[in-house]
Amino acid sequence: IATMADPSRLIIGVCAMEKKTRSKPMTQILERIRGYNLFDVILFKDENILKDPIEEWPRVDCLFSFFSTGFPLEKAEAYVAKYKPYTVNDLKMQHVLLDRFDMYSLLEKLGVQLPNYAFMSREEGSKDELVEGDDHIEINGKRLDKPFVEKPRDAEDHNIYIYYPRSAGGGSKRLFRKIENRSSDFYADINEIRVEGSYIYEEFLPTEGTDLKVYTVGPSYAHAEARKSPTVDGRVRRDQKGKEVRVPVLLTPHEKQIARTITRGFKQMVCGFDLLRAGGVSYVCDVNGWSFIKNSLKYYDDCAYELSKDVLAHLRPHQRMPMLVENTPAPSTPLDAEASKGDVKEELVCILGIIRHGDRTPKQKMKMKVTGAKAITEPFLAFFHHHAKNPKKELKCKSAKMLQELLDTARRIVADYSDAASRKLLDGEELEDLERVHQMQSVLEKGGYFSGINRKVQLKPGDLGPRLIADKPQTEVASLTLVLKWGGELTHGGVQQASTLGARFRSNMYPGESLVRLHSTYRHDLKLYSSDEGRVQMTAAAFAKSFLALEGELTPILVSLVSRDHSATTMLDSSQVARDEMTAIKQRLQQHLTEEGGQQIIESLESSGTNTPMDPLPVSSDSTTPPKPFVPCPIVPAAAFGEEEAGEKKGPRPFKKPEPPQKTLAMLQQMFELMAEFCDQLRSLVEQAEEAKALREEEEEDVEMSSPAVDDTSECGGASLTRRNSSRVNPKPAITT
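These figures come from a predicted structure and were not determined experimentally.

Q: How should the sheet that holds strand β12 (residues 182–187) be read in this particular structure?
A: The strands making up a sheet are joined through hydrogen bonds of the backbone, oriented either antiparallel or parallel. Strand order in the open sheet made by the 6 strands is β5-β13-β9-β10-β11-β12, with antiparallel pairing throughout. The open sheet has two free edges, formed respectively by β5 (117–120) and β12, since each of these has just one partner strand. Looking at each pair of strands side by side, their axes are set apart by 20° on average, direction ignored. In terms of strand pairing, strand β10 (residues 160–163) meets strand β11 (residues 172–179) through 4 bridges, oriented antiparallel. Residue pairing across strands places Y163 opposite S172, the latter belonging to β11. Across the sheet, helix α6 (residues 100–109) lies against β5, β9 (148–152), β10 and β13 (199–203), angled at about 145° from β5, the strand it touches most.

Here it is as structure tokens:
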């Protein structure tokens, strides 16, 4: 407690819990305030605050008072009301800071940009209603899709949850006050919101993994620092002194105006708030009470000066504030010294990287024609009419709700035809459709729940036909094509590839740089864009995890760092430039992989005079081995797929579970052996065709040599000399199988 011998000095009382008033930042600031020789400073002890009546509290001219755990805010308000000292931070307005409902309401009234939010009160008398879906909630008719944030109404409760959509892997992240080096934990199997207590629900904003802490000292001073967001991996980065690593950043003019608005609106000269930068817009998501920056001597100087100036302006407006002496040495050379010499150097502006996704599992596809005329497929047509907003456009089903509805539809169809009697009524085409529906059921049931982006169903409208709706004839989609796609998931090896690339990219492109500073400043502003394919998004998340040295699961990193806006998807997924080449390649592959393509090869052989597989090849006189008969492209026996052998009674095939891996491998081995035999016989056919062509050329040569029009007789008897090779070496054509 300072002595009050000099009546010319103003008395500043600091009324707060000792844990706060004796902290290093507060001590540094108060020492600087005393250094102006204008103020005496009195620190209220916890015993005085909690036990003594306000009449026994010291009398002061100015009061620095703020709430923290255990502080009797109402008691301090009574002291101010009775003795009327000047308060730097208004005590009544601090109640607003303790209630997030009141805080958000005031921010909205002040015109500060907020994330899209909704209040859910479960207190007595509340009429709020909440409906929870798989990937969204609806509060009083207002819908919020995952990912969203769940904040308790009590601002002192820092147990904040984030819920992720199933398309990104699902699960939730729980934020809490820092415990050693942890600030959050991820729970992959918890997707349901809390059902007790009152909360604010707000949209989750992608901030590229950083958030800003802004500290104000009056309406004309604000200092901002960036830190790694706890939503990324929950690991707190600390420096050698054990303090969280933060990087000073510059505020934009608009953000400075936000700081000025909050300081004046909440009547808190010293306060802090959280700022989120997303999509070129700055959002405020929290306002704190009395807050200080740690380990910044410059901030301590500025804060002491601004506080002293404010107190003096209110209590002694005619007394001038001493000038603040800057201790920062001037640079020895101007910053633009190089430019002044006329030597303009190039500077790297940005680095762009376009990266393909890592290894994936095979992509698979199944197509089925859907019409209203077939009882098996008609339910899918009804599903399309129910969900399609525009019947002329394709309907894509990726959400868990729509996939679950399709799965239920497939299960009902399979159950309706589960007995042999009902299957006997189906023709061959309907049996094939039933097999496809059963396959669709198996694919959608894979994994037990819809998580990740690895399955989707497309319903493409086809022909239009008349239909009665409300007794009025209208044109409606009469048929469509159902396309089921699955697979294509990023493998463990693909994740490792992306991680390795991220580490190498960091070490090669940014050697020795701090990644927090690199990512948190305007000079190095990392942006990650991805298409909407799941394997591409997970590749980007694995790359970012390794590049920024993050920890934990990929789902929070994906949601926090990877952008999937429409512009990026359009740019990354566009294949217009290569469309002509891709179409030509597909047509050529189709030509060679179909019977039509095989027929064209045969016709090509016929046009060249070569024997076709339908004609017997001539046998050379000196050949002892007869040619092998041509065998068409082998077809795997029907029994390998569970079909009836020839001669067996045909009927509807029973539904079977997927074959075990051993049987599948045996089937593949059998197919490989048959294809190898076919390639050997095809190679033999080519050799025989080449040999027959060579024989025909030799015979034509002999005929030309023995023709009367050519005088090719020798001097001894005029006998015709026949030059004929008794043996030839024919190189075998190289055929790559």
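Back to the write-up after that little detour.
Q: Can you walk me through the packing of helix α2 (residues 24–34) against helix α8 (residues 297–315) in this structure?
A: Geometry of a packed helix pair, given as the angle between the helix axes and the separation of the axes. For the pair α2 and α8, the least separation of the axes is 9 Å and the interaxial angle reads 55°. In terms of orientation, α2 and α8 fall into the oblique class. Crossing of α2 against α8: the hand is right-handed. Of the residues in α8, those in contact with P25, Q28, I29, R32 and I33 of α2 are L297, Y299, Y300, D301, C303, A304, L307 and S308. Of the residues in the contact of α2 with α8, the class split is 9 nonpolar, 2 polar and 2 charged.

Q: Got a minute to help me understand the pattern of salt bridges in this structure?
A: Scanning the entire structure with this criterion turns up 25 salt bridges. Residue E306 is joined to K309 by a salt bridge in which the shortest nitrogen-to-oxygen separation is 3.6 Å. Note that E306 and K309 are positioned in helix α8 at a spacing of 3 residues, about one turn of the helix. Between R411 and D408 there is a salt bridge, with the nearest N and O atoms lying 3.8 Å from each other.

Q: For this particular structure, what's the right way to read the sheet that holds strand β8 (residues 142–145)?
A: Read from one edge of the open sheet, 3 strands run β6-β7-β8, paired in antiparallel fashion. Two strands close off the open sheet at either side, each with one partner strand: β6 (130–132) and β8. For this sheet, the mean angle separating the axes of adjacent strands, direction not counted, is 15°. Across 4 bridges, strand β7 (residues 136–139) lies against β8 in antiparallel orientation. Across the sheet, the residue bridging to I139 is K142, located in β8.

Q: Just checking my understanding: could you explain the environment of L251 for this structure?
A: Structurally, L251 is set in the loop between β16 (247–249) and α7 (253–265). Judged by relative accessible area, which is 11%, L251 ranks as buried. For the pair formed by L251 and A222, sequence separation is 29 residues and the distance between their alpha carbons is 8.4 Å. Once residues within four sequence positions are removed from consideration, L251 is found in contact with L212, V214, A222, A224, K256, L275 and R277.

Q: Please clarify how the packing of aromatic side chains should be interpreted in this entry.
A: To describe a pair of aromatic rings, you give the distance between the ring centres and the angle between the ring planes. Applying the stated rule across the entire model yields 22 aromatic pairs. With centroids separated by 5.3 Å and ring planes inclined at 40°, the aromatic side chains of W57 and Y79 adopt a geometry described as tilted. In this pair, W57 sits in the loop between α3 (46–51) and β3 (62–65) while Y79 sits in helix α4 (residues 73–83), placing the two residues 22 residues apart along the sequence. With respect to burial, W57 and Y79 carry one shared label: buried.

Q: I tried to follow the nonpolar core on my own but got confused; where do I start?
A: It is characteristic of soluble globular proteins that their nonpolar side chains tend to be buried jointly. Grouped together as the largest cluster of nonpolar side chains are 35 residues, with contacts concentrated most on I29, I33, F64, V88, Y299 and L307. Contributions of two or more residues to this core are made by β1 (10–15), α2, β2 (39–43), β3, β14 (210–217) and α8. The element best represented in this core is α8, accounting for 8 residues. Excluding anything up to four places from it in sequence, Y299 contacts I29, Y215, V217, Y221, H223, S291, F292 and I293.

Q: Please explain a positive patch on the surface as it appears in this structure.
A: Together, R356, R360, K363, K365, K367, K396, K460, R579 and K586 line one region of the surface with positive charge. Of all the secondary structure elements, the ones that give two or more residues to the positive patch are β19 (363–371) and α19 (579–592). Per element, the largest residue contribution to the positive patch is 3 residues, and it comes from β19. On the accessibility criterion, K460 (33% relative accessible area) is partly exposed.

Q: Looking at this model, I keep getting lost on the environment of G502. Mind explaining?
A: Mapped onto the elements of the fold, G502 is located in helix α14 (residues 492–509). The buried category is assigned to G502, whose relative accessible area is 0%. When the C-alpha positions of G502 and A549 are compared, they lie 9.1 Å apart, and in sequence the two are 47 residues distant. In this structure, G502 is in contact with F543, S546 and F547, ignoring residues within four places of it in sequence.

Q: Just checking my understanding: could you explain the packing of helix α16 (residues 534–547) against helix α17 (residues 554–561) for this structure?
A: Their axes nearest at 9 Å, the elements α16 and α17 cross at an angle of 95°. It follows from the interaxial angle that α16 and α17 lie roughly perpendicular. Mapping the contact onto sequence places Q537, M538, A541, A542, A544 and K545 in α16 and L554, I557, L558 and L561 in α17.

Q: What is the right way to read the pairing of β1 from this model?
A: Every regular strand shows the same layout, with side chains that alternate between the two sheet faces. Most of β1 sits inside the fold, with 6 of its 6 residues counted as buried. By the alternation rule, side chains of β1 split into L10, I12 and V14 and I11, G13 and C15, which are all buried. Pairing between β1 and β2: 5 bridges, direction parallel. Paired with L10 across the bridge in β2 is F39.

Q: So what exactly am I meant to see when it comes to a nonpolar patch on the surface here?
A: Residues I354, Y529, M571 and L572 make up a contiguous nonpolar surface patch of roughly 480 Å² in combined accessible area. Its place among the elements puts L572 in helix α18 (residues 566–573).

Q: Help me understand unusual backbone geometry, please; the structure alone is not making it clear to me.
A: Most peptide bonds take the trans form, and the phi angle of most residues other than glycine is negative. In this structure, P147 follows K146 across a cis peptide bond, with omega equal to 5°. Relative to the helices and strands, P147 resides in the loop between β8 and β9. Despite not being glycine, K84 has its phi angle at roughly 50°, a positive value. Looking at the secondary structure, you find K84 in the loop between α4 and β4 (86–87).

Q: Any chance you could explain the environment of S563 here in plain terms?
A: With respect to the helices, strands and loops of the structure, S563 is situated in strand β26 (residues 562–563). The class of S563 is buried, set by a relative accessible area of 14%. Measuring from C-alpha to C-alpha, the distance between S563 and Y529 comes to 4.8 Å, with 34 residues separating the pair along the chain.

How each quantity is defined
Residues numbered from 1 in each chain as written. Predicted model: local features only at pLDDT ≥ 70, side-chain atom pairs only at ≥ 80, totals over all residues. Heavy atoms only, no water. Pairing = 2+ DSSP bridges. Helix = DSSP H or I, 4+ residues; strand = E, 2+ residues; numbered from the N terminus. Axes fitted to C-alpha atoms, helices over the stretch in contact; angles between N-to-C directions. Contact = heavy atoms within 4.5 Å. Parallel < 35°, antiparallel > 145°, perpendicular 65-115°, else oblique. Left-handed = near helix turned anticlockwise from the far one by under 90°. Nonpolar A, V, L, I, M, F, W, Y, C, P; charged D, E, K, R; others polar. Salt bridge = Lys/Arg side-chain N within 4 Å of Asp/Glu carboxyl O. Buried < 20%, exposed > 50% of the residue type's maximum accessible area, 1.4 Å probe, protein only. Phe/Tyr/Trp six-rings, centres within 6.5 Å; stacked < 30°, edge-to-face > 60°. Core = buried A, V, L, I, M, F, W, Y, C linked by side-chain atoms within 4.5 Å. Patch = residues over 30% accessible without salt bridge, like charges linked within 9 Å, V, L, I, M, F, W, Y side chains within 5 Å. Areas by Shrake-Rupley, 256 points an atom, 1.4 Å probe, with all protein chains shown as cover. Lys, Arg positive; Asp, Glu negative; His and termini not counted. Charge placed at Lys NZ, Arg CZ, Asp CG, Glu CD.

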